[in-house]
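# Residue-level structural notes
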Amino acid sequence: QVQLVESGGGLVQDGGSLRLSCAASANIAGFNARGWYRQAPGKQRELVATITSGGITNYADSVKGRFTISRDSAKNTVYLQMNSLKPEDTAVYYCNAGMSWSGTYVSTSYWGQGTQVTVSS
């Protein structure tokens, strides 16, 4: 059973920064990519950033230049560094273990519990 645990959310002012972490259980080797999603109240969950086991990254247009996804393979942990945060970034952020084929990320049913990010104006 794959387990994902997010941490690092919180309350921050407009323009501030946060770093989210997603720690995975040891049996994550079958998934060649990880993704960060977010869901704001009343909205659908959206893909924010992905990273493959080879280190290839992709970002939603809304966060390009502000967010950076990275990984520490030895720790089975993926990070999301979020800079220049805006009130519209307010959401619950979720980590997903998935697969990447030809640049397309495919999510699986393995999700973390989510971590709340609130950006005040």
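Remember, it's a predicted structure, so these values are computed and weren't measured experimentally.

### Section: the overall build of the chain
From N to C terminus, the chain includes zero helices and 11 strands. Starting at the N terminus and walking to the C terminus, you meet the elements of the chain as β-β-β-β-β-β-β-β-β-β-β. Against the compact-globule benchmark of 14 Å for 121 residues, the chain has a radius of gyration of 13 Å, which places it among compact chains. Principal-axis analysis of the C-alpha atoms places the extent of the chain at approximately 40 × 30 × 25 Å. Across the chain, every contact between residues at least 6 apart in sequence was considered, and the portion connecting residues at least 24 apart equals 57%. With 10 positive and 7 negative side-chain charges, the chain shows a separation of 5 Å between the mean positions of the two kinds.

### Focus: the packing of aromatic side chains
On inspection of all chains with the given rule, the structure shows four aromatic pairs. Considering the side-chain rings of Tyr37 and Tyr105, the 6.3 Å spacing of their centres and the 55 degrees angle between planes classify their relative orientation as tilted. In this pair, Tyr37 sits in strand S4 (residues 33-39) while Tyr105 sits in strand S10 (residues 104-106), placing the two residues 68 residues apart along the sequence. Taking the relative accessible area as the measure of exposure, Tyr105 reaches 13% and is therefore buried. Geometrically, the ring pair formed by Tyr94 and Trp111 is edge-to-face, given 6.4 Å between the ring centres and 85 degrees between the ring planes. One end of the pair, Tyr94, is in strand S9 (residues 91-101); the other, Trp111, is in the loop between S10 and strand S11 (115-120), with 17 residues separating them in the sequence. Using a relative accessible area of 29% as the deciding quantity, one classes Trp111 as partly exposed. An aromatic cluster is built from Tyr37, Tyr94, Tyr105 and Trp111, whose rings are joined through pairwise contacts. Over the face of the ring belonging to Tyr79 we find Arg19, whose NZ or CZ atom lies 4.2 Å from the ring centre. Between Arg45 and the ring centre of Tyr94, over which it is positioned, the NZ or CZ distance is 3.8 Å.

Procedures and definitions
- Sequence order as written defines the numbering, with residues in each chain counted from 1.
- The predicted nature of this model means local features are confined to residues of pLDDT at least 70 and side-chain atom pairs, given and counted, to a pLDDT of 80 or more, with totals for whole chains, interfaces and linings taken over all residues.
- Side-chain measures here rest on the full set of heavy atoms in the structure, leaving out hydrogens and waters.
- Counting from the N terminus, the helices are DSSP H or I runs at least four residues long and the strands are E runs at least two residues long.
- Only the C-alpha atoms count toward the radius of gyration. The rule for a globule is 2.2 Å times the residue count to the power 0.38.
- The contact rule is simple, with two residues in contact once any of their heavy atoms fall within 4.5 Å.
- Here the positive residues are Lys and Arg and the negative ones are Asp and Glu; neither His nor the chain ends is included.
- The atom standing in for a charge is NZ when the residue is Lys, CZ when it is Arg, CG when it is Asp and CD when it is Glu.
- Two rings from Phe, Tyr or Trp (for Trp, the six-membered ring) form a pair when their centres are within 6.5 Å of each other. A pair whose planes differ by under 30 degrees is stacked, one over 60 is edge-to-face, and the rest are tilted.
- Three exposure classes are used, based on accessible area relative to the maximum for each residue type with a 1.4 Å probe and protein chains only: buried under 20%, partly exposed in between, and exposed over 50%.
- Lysine and arginine charges are scored as sitting over a ring when NZ or CZ, respectively, is within 6 Å of the ring centre and within 35 degrees of the ring normal.

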